[in-house]
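Residue strings, one per chain:
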Amino acid sequence: MSDQAAVGKVTSQTAQKGVLAKLIIFSLSLGIVPIALYFVTEKYVWDGNSSYAAITAVFAANVVLFAYIIVSLLDDREMMQSAEEKKLQFSNRRKVE
C-alpha cells in the first residue's frame, strides 16, 4: 500500500511542476506579447495610430488568456482520465486477489 502512495505522490508532484511551468510561460506571454505587439503594430502596421495598436494589444492579451484556459482545461481532463484509469486498475487488482 505504501508503494502505491509513494507513486501517487511522485506523480502528483510531477504534475504540479508541469502546471507551474505552464503558468509561468503563460504569465510571461501575457506580459510580453501584448506590449511587443503594441509597439510593432504601431510602428509598422498602423503608421503611428496608437488607438489601433492598443486594440491589437488587447486582442493579443485575450488570445493568450484564452489559450491558457484551453490548455488548462485539456490538462485537467487528462489528469482526471489518468486518475480514473488508475482507480480502475487498482480495483481490478483487488478483485483478482
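Cut-offs used in this document
Residues numbered from 1 in each chain as written. Predicted model: local features only at pLDDT ≥ 70, side-chain atom pairs only at ≥ 80, totals over all residues. Heavy atoms only, no water. Helix = DSSP H or I, 4+ residues; strand = E, 2+ residues; numbered from the N terminus. Buried < 20%, exposed > 50% of the residue type's maximum accessible area, 1.4 Å probe, protein only. Contact = heavy atoms within 4.5 Å. Areas by Shrake-Rupley, 256 points an atom, 1.4 Å probe, with all protein chains shown as cover. Phe/Tyr/Trp six-rings, centres within 6.5 Å; stacked < 30°, edge-to-face > 60°. Salt bridge = Lys/Arg side-chain N within 4 Å of Asp/Glu carboxyl O. UniProt positions renumbered as here; feature names shortened; annotations may be inferred.

## Section: the overall build of the protein chain
Looking only at helices and strands, one finds 2 helices and 0 strands in the protein chain. Across the 97 residues that make up the protein chain, the buried fraction comes to 10%. Considering only contacts in the protein chain between residues 6 or more positions apart, those separated by 24 or more positions represent 56%. Of the roughly 7,900 Å² that the protein chain leaves accessible, carbon and sulfur atoms contribute 67%.

## Concerning the packing of aromatic side chains
Under the criterion given, the structure shown has 3 aromatic pairs. Judged by centre distance (5.0 Å) and plane angle (80°), the ring pair of Tyr38 and Phe39 falls under edge-to-face. Relative accessible area serves as the criterion here: at 22%, Tyr38 is assigned to the partly exposed category. Their ring planes at 55° and their centres at 5.1 Å tell us that Trp46 and Tyr52 sit as a pair that is tilted.

## Some thoughts on the pattern of salt bridges
Under the criterion given, the structure shown has 1 salt bridge. When the shortest N-O distance is used, the salt bridge between Asp75 and Lys22 registers 3.6 Å. One end of the pair, Asp75, is in helix H2 (residues 50–96); the other, Lys22, is in helix H1 (residues 2–45), with 53 residues separating them in the sequence. In this structure Asp75 comes out as buried when scored by relative accessible area, which is 17%. Its relative accessible area of 31% is what places Lys22 among the partly exposed residues.

## Here we look at the UniProt feature "transmembrane region" (unreviewed entry) in the protein chain
Following the UniProt record, one finds the feature "transmembrane region" (unreviewed entry) at residues 19–40 and 52–74. Secondary structure across residues 19–40 comprises 100% helix and 0% strand; the distance between its end C-alpha atoms is 31 Å. Across residues 52–74, helical content stands at 100% and strand content at 0%; the span's end C-alpha atoms are separated by 33 Å.

## Some remarks on unusual backbone geometry
Notably, Asp47 is not glycine yet its phi reads approximately 50°, a positive angle. Relative to the elements of secondary structure, Asp47 occurs in the loop between H1 and H2.

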